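Listed below, chain by chain, are the residues.
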Amino acid sequence: MAEFTKDERDGLLERAWAIDGQLYAKDVEARPAGGERSKLKEAYYQVLGEYADRLPRIVMSACPFSGEVLHRSFDPWGVDGPWWHKDPEVRIEEPSEPETFWVLLGALNLNGRVPDEARAPVIPGPEVPFVVPKLLSLPGMVAVVSRLEMATGDVAYPVVYYSQEELPPTRLHQFWLRQDFWFTQKDGSSAWMIANDVWDFDLTPWIASGQLRWIAPGDPEGEVVGEASGEPCPYIDLSGDRFPQVVAWGERDLLDLPDGTMVNPYED
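Structural notes, computed from the coordinates. Remember, predicted model here, so these are calculated numbers, not experimental data.

What follows covers the packing of aromatic side chains. According to the stated counting rule, one finds 17 aromatic pairs in the structure shown. Look at tyrosine 44 and tyrosine 45: their rings are 5.2 Å apart centre to centre, the planes differ by 75°, and that puts the pair in the edge-to-face class. By relative accessible area, which is 41% here, tyrosine 45 ends up partly exposed. Against the face of tyrosine 24 rests arginine 37, its NZ or CZ located 5.2 Å from the ring centre. Sitting over the face of the ring of tryptophan 17, arginine 119 holds its NZ or CZ atom 4.1 Å from the ring centroid.

Tallied over the entire structure, the rule returns 1 cavity of 30 Å³ or more. Considered as a void within the structure, the largest cavity measures approximately 30 Å³ in volume. Together, Val128, Pro129, Phe201, Leu203, Tyr235, Asp237, Leu238 and Arg242 line the largest cavity.

What follows is about the state of the cysteines. Inspection of the entire model under this criterion finds 0 disulfides. Looking at the unpaired cysteine 63, the closest cysteine sulfur is the one in cysteine 233, lying at 18 Å. For cysteine 233, a relative accessible area of 12% translates into the label buried.

As judged from the 2 bridges shared by strand E4 (residues 122-125) and strand E12 (residues 245-248), these two strands associate in the antiparallel manner. The residue bridging glycine 125 from the neighbouring strand is glutamine 245, located in E12. Bridge count for E12 against strand E13 (residues 251-254) is 4 bridges, and the pairing is antiparallel. Counterpart to glutamine 245 in the pairing with E13 is leucine 254. Hairpin geometry of E12 and E13 is characterised by an intervening segment of 2 residues between the two adjacent antiparallel strands and by a positive phi of about 50° at tryptophan 249.

Reading the values: the criteria
- Residues numbered from 1 in each chain as written.
- Predicted model: local features only at pLDDT ≥ 70, side-chain atom pairs only at ≥ 80, totals over all residues.
- Heavy atoms only, no water.
- Phe/Tyr/Trp six-rings, centres within 6.5 Å; stacked < 30°, edge-to-face > 60°.
- Buried < 20%, exposed > 50% of the residue type's maximum accessible area, 1.4 Å probe, protein only.
- Lys NZ or Arg CZ within 6 Å of the ring centre and 35° of its normal.
- 1 Å grid on protein atoms, 1.4 Å probe; cavity = no way out; pocket = protein on both sides within 12 Å on 5 of 7 lines; lining within 4 Å.
- Points joined across faces, edges and corners; volume = space filled by probe spheres on them.
- Disulfide = S-S within 2.5 Å.
- Pairing = 2+ DSSP bridges.
- Helix = DSSP H or I, 4+ residues; strand = E, 2+ residues; numbered from the N terminus.

Next comes the structure, spelled out in structure tokens:
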């Protein structure tokens, strides 16, 4: 399917929310049942499926070893889009990625904007880029930070981790916007975890070590730059809150920073 315009995207979401409003009407007795309910649910997921298929696939990052570009879906029109939701209701098919790609993390700066459009919980990270030292301690790991501007005036900062080594999934991290990380074990079974690894907002030492590189803002080619280029990194000491954010129903809250302790997923 062809990528949609903002108006087409907004129209799809309005249709989805209208169907959702019928399925979960405040008046319980007015909610459809039986075959009518099944048809509405099917229509709902068809709309979300079209949204997922027509999201733009953009240059989000690039491998620091080969220069191979990482294309990824992205919704630049607001955090009301299901792409941003903590609990996704639709699977988004992503383009193939470099073999060196391991983890996608990120940040979102709302620049003081109140996210009135938010309908469901979104966990977009802090407002400024950060690195996870535990990830960078893995063999051969290098992170690349980039910048994505949104139509709302918000600015997103993907931070992508690459390594040419084979890494065990239990040493990795849940992806940007997600609360947990599902992976396949050696025996073929599925498992999951929640990483609570410490964040580091002081990027300078990681740049000096060569383990953090960047793509210049607005670079459509995704050229990876490092300290050896002699160019100053544009992502150092940016203004913004250095705490995890939760955005939902038009409000924003800040949470405690990850502290490295083990998370028990069965505790409230």
